[in-house]
Amino acid sequence: HLDGWTDARRANAERYRQLFTDAGLTEQIGLPVERGNAKHIYNQYVIRVPNDRDALRAFLTEKGIGTDIYYPVPLHLQECFAYLGYSEGDLPESEKAARETLALPIFPELRPEQQAYVVDTIADFYTRK
């Protein structure tokens, strides 16, 4: 089943890319990058929201769209890695990613109309700002 699930998530990722592009949202959010020499399986579909991540997440939740933040605390600042001696500011890009990333639904059974609802809702969020 793994290949089928991966193919379905990859198709969903491509659909998201097209929907976000068509909606003119690529200036407000950063989309995942897939390098030509690698095949992403999209176990998560993580966007970057530079300024409004938490407000967008709350808005999506209000509209019935599940999201997640997988690493709200960068690894170097987690208690289990304290022995390494890192402090806030030591890895600014990791810290920025922890503040900006938001995972959207990407499961293999996600239907095109559900994805359109996600993107339309995000567009609505930015229209209301």
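Everything discussed here concerns the structure shown above.
Residues numbered from 1 in each chain as written. Predicted model: local features only at pLDDT ≥ 70, side-chain atom pairs only at ≥ 80, totals over all residues. Heavy atoms only, no water.

Draft legend 1. Local environment of the packing of aromatic side chains. A complete count under the given rule lists five aromatic pairs for this structure. Three or more aromatic residues link up through ring pairs in this structure, and these residues are Tyr16, Phe20, Tyr42 and Tyr45. (Phe/Tyr/Trp six-rings, centres within 6.5 Å; stacked < 30°, edge-to-face > 60°.)

Draft legend 2. How the structure looks around the environment of aspartate 7. When you line up the elements, aspartate 7 lands in helix α1 (residues 2–22). Along the sequence, aspartate 7 and leucine 102 sit 95 residues apart, while their C-alpha atoms lie 22 Å from each other. (Helix = DSSP H or I, 4+ residues; strand = E, 2+ residues; numbered from the N terminus.)

Draft legend 3. Just the packing of α1 against helix α4 (residues 112–128), in detail. Two elements in contact, α1 and α4, have axes separated by 10 Å at closest approach and are oriented at 40 degrees. Crossing of α1 over α4 shows right-handed handedness. Contacts from Asn12, Arg15, Tyr16, Leu19 and Phe20 of α1 reach α4 at Pro112, Gln115, Ala116, Val118, Val119 and Ile122. Residues belonging to the contact of α1 with α4 are distributed by class as follows: eight nonpolar, two polar and one charged. (Axes fitted to C-alpha atoms, helices over the stretch in contact; angles between N-to-C directions. Left-handed = near helix turned anticlockwise from the far one by under 90°. Contact = heavy atoms within 4.5 Å. Nonpolar A, V, L, I, M, F, W, Y, C, P; charged D, E, K, R; others polar.)

Draft legend 4. Region of interest: the pattern of salt bridges. Taken as a whole and assessed by the stated rule, the structure comprises five salt bridges. Across the pair arginine 111 and glutamate 113 runs a salt bridge whose closest N-O atoms are separated by 2.6 Å. (Salt bridge = Lys/Arg side-chain N within 4 Å of Asp/Glu carboxyl O.)

Draft legend 5. Quick look at the layout of surface pockets. In this structure, the largest pocket encloses a volume near 150 Å³. Along the wall of the largest pocket there are 13 residues; nearest its centre are Tyr70, Tyr71, Ala97, Ala98 and Thr101. Of all the secondary-structure elements, those providing two or more residues to the lining of the largest pocket are α3 (92–100) and β2 (101–104). Within the lining of the largest pocket, the residues separate by chemical class into 10 nonpolar, two polar and one charged. (1 Å grid on protein atoms, 1.4 Å probe; cavity = no way out; pocket = protein on both sides within 12 Å on 5 of 7 lines; lining within 4 Å. Points joined across faces, edges and corners; volume = space filled by probe spheres on them.)

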